Amino acid sequence: MKIEEGSLTPLYQQVMEDIRDKVDSGKFSAGDMIPSESELSEMYSVSRITIRRAVSELVDDGYLIKRQGKGTFVCQRKLTRKIFQKSEVQSFTDTCAEDGRVAGAKVLGIEIVKAHESEASFLGLREGAELVHVRRLRTADGVPIMLENNYFPLEGFEFLLDADLSNTSIFDYVEAKSGRRPRGDDLCTLEVVRASPDKASELNVAVGEPLFYEKINFTDQDGKPFLIGKQYIVCSLYVFNI
């Protein structure tokens, strides 16, 4: 994967996402030793400092493990339990309204990015195809709750590049523009990770505080692949009713 220098997403995070995608897709299997810092630095065309931070955070998140004098290895796969949910998808805005709170959304960035292999596979695109990445901070009564990352295929969703998505439901906005709305999910995973310095600052929590990392492959009302959501949620402020 080519790292995008001008992207709003920090370089170390792009490296993290790509390595994590390789682990999730099986390209890096449990027990495999990943390339060295110098090899990864050359592979991604970034500094070793960038690689070191990406690897360190993946170690903290339980994806990798360092073995003194031997190298860095892929951890055993986490046990995944299938959880069946209602077919109706509830947006963050609807969740807040149901709880009597006011939902807020601050746009942190909207940009075009390249699809990882697993993203492209779900969306029916070629690897490296262009996606629209919408990144927002979601609040409830002004309190930061979630870092929201939604990925749409560029084709058909170009209107998002110039959209005003402040303090609005992105699901409602997209439905008004395209007639499509998420109605179910093809895959939903939930795990606990630690807040990196960047995420801690944006969510106003301590570095290392537990966050839910929720990844959802959404399908629309016709069962067609629609979008991918990757959200970081403050554990102490959120409850999942499954």
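Residues numbered from 1 in each chain as written. Predicted model: local features only at pLDDT ≥ 70, side-chain atom pairs only at ≥ 80, totals over all residues. Heavy atoms only, no water.

A. Layout of the nonpolar core. Core analysis: the largest hydrophobic core is formed by 18 residues, its most contacted members being V15, I34, Y44, I51 and L64. Secondary structure elements with two or more residues in this core: helix 1 (11-25), helix 2 (37-44) and helix 3 (48-60). Considering each element in turn, this core owes the most residues, 5 residues, to helix 1. Setting aside residues no more than four positions away along its own chain, I34 makes contact with F28, L40, V55, L64, T72 and V74. Among the nonpolar cores identified, the runner-up in size contains 16 residues, and V134, F157, V174 and I216 belong to it. (Core = buried A, V, L, I, M, F, W, Y, C linked by side-chain atoms within 4.5 Å. Buried < 20%, exposed > 50% of the residue type's maximum accessible area, 1.4 Å probe, protein only. Helix = DSSP H or I, 4+ residues; strand = E, 2+ residues; numbered from the N terminus. Contact = heavy atoms within 4.5 Å.)

B. Spatial organisation of the packing of aromatic side chains. With the rule as written, the count across this model stands at 9 aromatic pairs. Arranged with centres 5.1 Å apart and planes meeting at 40 degrees, the rings of F152 and F157 form a pair that is tilted. Residue F152 shares its accessibility class with F157, and that shared class is buried. Through successive ring pairs, a cluster of aromatic residues spans F152, F157, F159, Y173 and F226. (Phe/Tyr/Trp six-rings, centres within 6.5 Å; stacked < 30°, edge-to-face > 60°.)

C. Molecular detail of the sheet that holds strand 8 (residues 225-234). Strand order in the open sheet formed by 6 strands is 3-4-5-8-7-6, with antiparallel pairing between adjacent strands. The outermost strands of the open sheet, each flanked by one partner alone, are strand 3 (103-114) and strand 6 (182-194). The sheet shows a mean angle of 15 degrees between the axes of neighbouring strands, taken without regard to direction. When strand 5 (residues 143-153) meets strand 8, the two strands line up antiparallel, connected through 6 bridges. (Pairing = 2+ DSSP bridges. Axes fitted to C-alpha atoms, helices over the stretch in contact; angles between N-to-C directions.)

D. Region of the structure containing the pairing of strand 5. Counting buried positions along strand 5 yields 10 of 11 residues, so the element is predominantly enclosed. The pairing of strand 4 (residues 130-140) with strand 5 spans 10 bridges and is antiparallel. The residue bridging T139 from the neighbouring strand is P144, located in strand 5. Connecting strand 4 to the antiparallel partner strand 5 that follows it, the hairpin turn spans 2 residues, and D141 within it adopts a positive phi of roughly 55 degrees.

E. Examining the pattern of salt bridges more closely. A complete count under the given rule lists 18 salt bridges for this structure. The partner of E148 in a salt bridge is R138, with the nearest N and O atoms 3.3 Å apart. A residue pair is termed long-range when its members are at least 10 positions apart, and E148 in strand 5 and R138 in strand 4 qualify at 10 residues. The pair formed by E148 and R138 is uniform in burial state, with each residue classed as buried. (Salt bridge = Lys/Arg side-chain N within 4 Å of Asp/Glu carboxyl O.)

F. Up close: the layout of surface pockets. Reported here for the second largest pocket is a volume of approximately 150 Å³. Broken down by secondary-structure element, the contributors of at least two residues to the lining of the second largest pocket are strand 3, strand 4 and helix 7 (197-203). If you tally residues by element for the lining of the second largest pocket, the top one is strand 3, at 3 residues. Residues belonging to the lining of the second largest pocket are distributed by class as follows: 3 nonpolar, 4 polar and 4 charged. (1 Å grid on protein atoms, 1.4 Å probe; cavity = no way out; pocket = protein on both sides within 12 Å on 5 of 7 lines; lining within 4 Å. Points joined across faces, edges and corners; volume = space filled by probe spheres on them. Nonpolar A, V, L, I, M, F, W, Y, C, P; charged D, E, K, R; others polar.)

G. Highlighting the environment of S7. Along the chain, the position of S7 falls in the segment before helix 1. Residue S7 is classed as buried on the basis of its relative accessible area, which comes to 15%. Taking C-alpha positions, S7 is 7.5 Å from E111, a pair spaced 104 residues apart along the chain. Excluding anything up to four places from it in sequence, S7 contacts Q14 and E111. At 2.9 Å, the side chain of S7 forms a polar contact with the side chain of E111. (Polar contact = N/O pair within 3.5 Å; in protein donor to acceptor, adjacent residues only side chain to side chain.)

By themselves, these observations are geometric and do not establish any function.
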